[in-house]
Structures are given as C-alpha cells and as structure tokens.
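Survey of secondary and tertiary structure
Single-letter residue listing:
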Amino acid sequence: MTIALPNLPPLIFDAPWLLLLAIALPFMVWWLRRQRRERRTQRLARYASLTALARLVVSQDAEASRRTIRLMFVAGLIGLALSGPRWGLARGPMSSRGIDMAIAIDASLSMLAPDERPSRLERVKQEVRRLRAMSPADRVALIAFAGRSYILTPLTGDDGALELFLDNLDPGVVGQAGSSLSRAIRQGSELLLASDGSADRALVLLSDGESFDSAEDIESAASEAGSKGISVVTVGFGTREGTTIPVREGTNVQQKRDENGQIVVTRYSPDLLEQAAKSANGTFIPAEASDKASRIRGALRSLRTARRAVDTREDHVPRFLWFLVPALGLLAWDSWRLVRRGGGSVRRPEIANANTVAALAMMVVLPGMLGSCGQTPDPAALFAEGNVPAALRAYREMVARGDTTMVTAYNLGTTLIATDSLPEASERLEMVRRAADGEVRFRARFNAGLAALIMGRTPGNPEGDRRLGDARAAYRALLTDRSDYPDGKWNYELALRQTPPQGGGGGGGGGGNNDQNEQPQPQGEGGLDQKQAEALLNSAAREERDVQGRKQRQSRTPPGGKDW
C-alpha cells in the first residue's frame, strides 16, 4: 500500500519580498506600453484628425496588445526568478579534508533514563548527528557497547549507512546487559589501528559513566590507546541527581528493578570518563557542558587530516532557471518577430542587439537548466497503473541518488512485496518500522508482517516457523496500537495457525500482491471482534513473557549483578 502524498516538492524563496516584482513588473510594463501608445497617438494627431488617420494608417492595436501581454508575461517570469525559488535536492562530489574517527555509544539500559530529554541515548544521537554535519569529510565508524561492544559500521563516509544504524540503535542491539567502558575503548582502538590512511585517528566515547569494570581496567585501555597515537575524547550525559529507568514489558512501561526488587536509580558518574581521558592524554567533556558536538570538534581540530572526495547533498536546489530561460526565450522570439515585420532587413540596430543578447543568454543558461531540471517518472503512478517492475526501478534509482526519506524506503519495500522479493522487502520494511513514526511506521509494520507471513506460510520453507513468529510479533504490536484494524486482526489470526489452510485466508496491507491468494477480510466477515483480539493478544503476551524469561535465565549476569 503506497502512501498517497501530494506530488508537490517543498518550495522556498531566497528573497520572498522580491515576489512583489512578479506583480509590479508586469503592471509597470503595461503602464509603459500604454504611455507609449498615447504618445504615438498624440504625435500623429499633429498631422491629421483621428478620422483621417484611421483611413491612412493601418491599425496595429491587435498586434500591440499581443506584444504587451508577451512582455508582461516575461516581466512576471523575471520577477519570480529574482526571488530565488528553490525546491528538490541534488548530490555532487566535493573535495575536503578529514580524520578517521570511531564513535563509541553507550547503549546500556541506563541510557534510557529521561533526565536528559527525551532520554540520554536520544541526546547522544543528536550530538553525533551534529558532529557528523560539522565534519562531512571524516571517515566515521559506529560502535555500540553495553556489557560488550559491537561494531555497527566500519570506517565510512556513507551518511546513509551511518544514519540507518544510528536511527535503529537501542539497548536491544547489544546482547549483553551492563556497561563496560574498557571493552568499548579497546574495540575502538583495534578498529582504528586496523584502518589504512594518512589521517590521524580519534576515539569519541559517549556515556553516562556508569560501568561495572574496574577503574584500573579502564585506565589501562585508555592509556594503551593514547600511546598508539589515538586521540581519546570522553563525553558525559545525564545528571548527578539521576533518575529511574523506564523499561517496556509488553504494553506496559515499568521502572527497572535490581535483583533484590528495588527500583534502580541511575546517576551520571564523571569520574571514570574523566580518568579515561586523562590516562590517554585526551579531552573530557562533562555532561553539564553545552554544545558538546562543537567541543568535540574543537578538541580534534589539531589532528592531521587527509584529503577526500565527499558526496554532498544539497536540499532545496536553486531553480531560478526554470523561470529565467522561458523569459529569455520569449524575448528572443519577440525580437525575431520585430525584425521579420521589418521585411527581413534589420533597420533598427537596437532590435538586432536585443535579439543577439537574448540568443547568447539562451546558449549560456540552457545547458545548466537542462542539467538541473530533469524529471523522473513518478513511481507511485507506475505502481498504481500496475507497472510494478518500472515502479521498482524508479524507487531504486531514487534511493541510489541519495533519497533517504522513510516514505521512499517504505514504498520501495512495499513494491518489493509485489515482485515477490520477500526477504529484501522484510529487511527494508523492518528498517522503516524502527526509524519512522506515525502512519508510515504503522504501515511499515503491517507490510513487514505481511512479508513474514507469506514466507512463513510457504510450503517447504525451512524458516517457516521463524517467519511466522516474526509475523505474530509484528501484528501483536500493530494491534496494540490499533486493536480495531480488521486486516491486522485477520493476518494475526493466520499467523497464529501453525499450518496453512487449504483455502481462503487473509492478508495484504495494501502494499503488494499476495501469492497465497489471501485477501483481507473486513470486520464481521471472518475477522476478529474486539474481545477475540484481546484474547489473542493476552495469549501472545504470555507466550512472549515465557520466551523472554528463558532468554534472561540463559543470559550472563554482569559482574556485581549490575545489568543496566
């Protein structure tokens, strides 16, 4: 189901006040042409009466009126061009200098604490995005750590990949609970030392400072990183007063409790972060500091950089040529008509000059206009017409050109369902579900569940049970938000069945075709009512609690019992 969005790009103007020229200039042209006509009439009246002139002089009122309209239109276009209209986006390479930087982000449960709004982890993400915007030529690697550390991306300049992993980062990404600063420092150091390049290396560690490993371990790891030429910057988040940790269990949000059943209060602990920076001869930025991204950038400003090609993205591309080129074209055509009316011979030098200037201007600006104003087919229209392969190609081209919006990613995943590319569709839609919000997130969750449901109900699929589990999880969450959604109820009921039925069925979020010939049933025709949906959700919740309990019993408890 593609989302129906207005096919109008956002429009802004560099100088909105100059839009008045689009009205004032045509009016001025009309007034000047009227004054010229009146003066001509007055001059001719010196030689004869108006009645005699009507018989002696051929009237040119009709042609003069048409020329006035043309010139007024030209003036309006020029007024629009002068106001600096912008819309759309463009990408292009540029040369800049940057360093190699590993960013280690604390993804433990304590980072969900809301003492920094909306949470510590979200504030970290905001600062990382700002830091990235300040240094587009840097090669950046992302590391997530809690009880263990994991490399999310190698050193890369791909903003799309960095943004994808940053959006999806939460405590669920890191398997072992707790918090270990020393492991994150060692992981980041190994990653940086394994990279090739002439630029200096930096490790930026962002955390609330709570850690279960010893101060000696952290100091040793930081000292080793500093001795190998890695600049270490530690950044604190949180407040010393601290707060509780909200933990979602099913549909409920509860406060995190320790092994004794006491509510946990997490506090910002700067001592270990400060000591790590000191051991590496680096920089410590406390949680109380403002504009952390600029401070990080300032601490790394003295490092040796390397020249790199950067693929830049420009939003709201200047489009004044869309208005200026037609205006120049009309001026050139108007000049040509005046010369032609003169019998083919250029009797007025000013007319020839105007024609030449307009033609030269067209030759200069037309190539730039053609390069910046290319139109691409509307993939949503192609999908609606049933031309799914062409729609898929168009969406892939949009992504390849740098379109990283969630709507485009959702539409691509939905189109992949229609072409039976279910594993890729499931992966892309799951990414959208994690990163988007609102209606896009709801529809992505539905279609991700649909892709998993189709794969799970395919006979002979060795991953059928796992895919059905993914579908059940997707529709459980969807019905939690909208328990009265009939297609969601029907697909959830199908996902709860262990074997596919011989006929009938349901499904399809409107995103693609279903090879199982299963159409969504409206409420009252095979769907579940409110009570049935609640019963299924309660059953699914018990199943989920059992699974999570088994996982927690099998997981390792960090030293000291601290799992946040």
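Let me sum up the structure you'll find in this document.

Rules used throughout
- Residues numbered from 1 in each chain as written.
- Predicted model: local features only at pLDDT ≥ 70, side-chain atom pairs only at ≥ 80, totals over all residues.
- Heavy atoms only, no water.
- Helix = DSSP H or I, 4+ residues; strand = E, 2+ residues; numbered from the N terminus.
- Polar contact = N/O pair within 3.5 Å; in protein donor to acceptor, adjacent residues only side chain to side chain.
- Contact = heavy atoms within 4.5 Å.
- Expected span 1.5 Å × (residues − 1).
- Buried < 20%, exposed > 50% of the residue type's maximum accessible area, 1.4 Å probe, protein only.
- Arc of directions from axis to C-beta.
- Axes fitted to C-alpha atoms, helices over the stretch in contact; angles between N-to-C directions.
- Parallel < 35°, antiparallel > 145°, perpendicular 65-115°, else oblique.
- Left-handed = near helix turned anticlockwise from the far one by under 90°.
- Nonpolar A, V, L, I, M, F, W, Y, C, P; charged D, E, K, R; others polar.
- Pairing = 2+ DSSP bridges.
- Right-handed = clockwise from strand over helix to strand, strands pointing away.

Summarising the element assignment, S195 is placed in the loop between α6 (181–193) and β6 (201–207). Of the polar contacts made by the side chain of S195, one reaches the backbone oxygen of L192; its length is 2.6 Å. Apart from the residues within four sequence positions on either side, S195 is in contact with D100, R139, L155 and R201.

With respect to the helices, strands and loops of the structure, A451 is situated in helix α16 (residues 438–456). When the C-alpha positions of A451 and T414 are compared, they lie 9.1 Å apart, and in sequence the two are 37 residues distant. Apart from the residues lying within four places of it in its own chain, the contact partners of A451 are I417, L422 and S426.

Take helix α7 (residues 215–227) next. Every α-helical turn comprises 3.6 residues, leaving residues that sit three or four positions apart pointing alike. Here α7 is 13 residues long and its end C-alpha atoms lie 18 Å apart, about the 18 Å a rise of 1.5 Å per residue gives. Taken together, the buried positions of α7 are I218, A221, A222 and A225. Each buried residue of α7 lies within a common arc of 95° when the element is viewed along its axis, so the set occupies one face. Away from its buried face, by an angle of more than 90 degrees, α7 presents the exposed residues E216 and S227. Where α7 is buried, its residues contact α6, β7 (230–236) and α8 (270–279). At the exit of α7 stands G229, carrying a positive phi of roughly 85°.

Our focus in this paragraph is the packing of helix α15 (residues 422–435) against α16. α16 packs onto α15 with a crossing angle of 155° between their chain directions and a minimal axis gap of 8 Å. Compared by their axis directions, α15 and α16 come out roughly antiparallel. You can see that α15 and α16 cross each other, and the crossing is left-handed. Counting all contacts with α15, which are made through L422, P423, S426, L429, E430, V432 and R433, the residues of α16 involved are V440, R441, A444, R445, N447, A448, A451, I454 and M455. Tallied by class, the residues present in the contact of α15 with α16 amount to ten nonpolar, two polar and four charged.

Here we take up the packing of α16 against helix α18 (residues 486–496). For the pair α16 and α18, interaxial distance at closest approach is 11 Å and the crossing angle is 30°. Classified by the interaxial angle, the pair formed by α16 and α18 is roughly parallel. Crossing of α16 over α18 shows left-handed handedness. Touching F446, L450 and L453 of α16 are D487, G488, N491, L494 and A495, all from α18. Its residues assigned to classes, the contact of α16 with α18 shows five nonpolar, two polar and one charged.

In terms of residue burial, strand β3 (residues 100–106) counts as a mostly covered element, since seven of its seven residues are buried. Residues of β3 alternate between two faces, with D100, A102, A104 and D106 on one and M101, I103 and I105 on the opposite face, all of them buried. Sheet topology note: the β3/strand β4 (residues 139–145) ladder contains seven bridges and is parallel. When the bridges of β4 are listed, M101 appears paired with V140. A crossover connection joins β3 to the parallel β4 through helix α4 (residues 120–134); in handedness this β-α-β unit is right-handed. Sheet analysis places β3 next to β6, joined by six bridges and oriented parallel. Paired with D100 across the bridge in β6 is R201.

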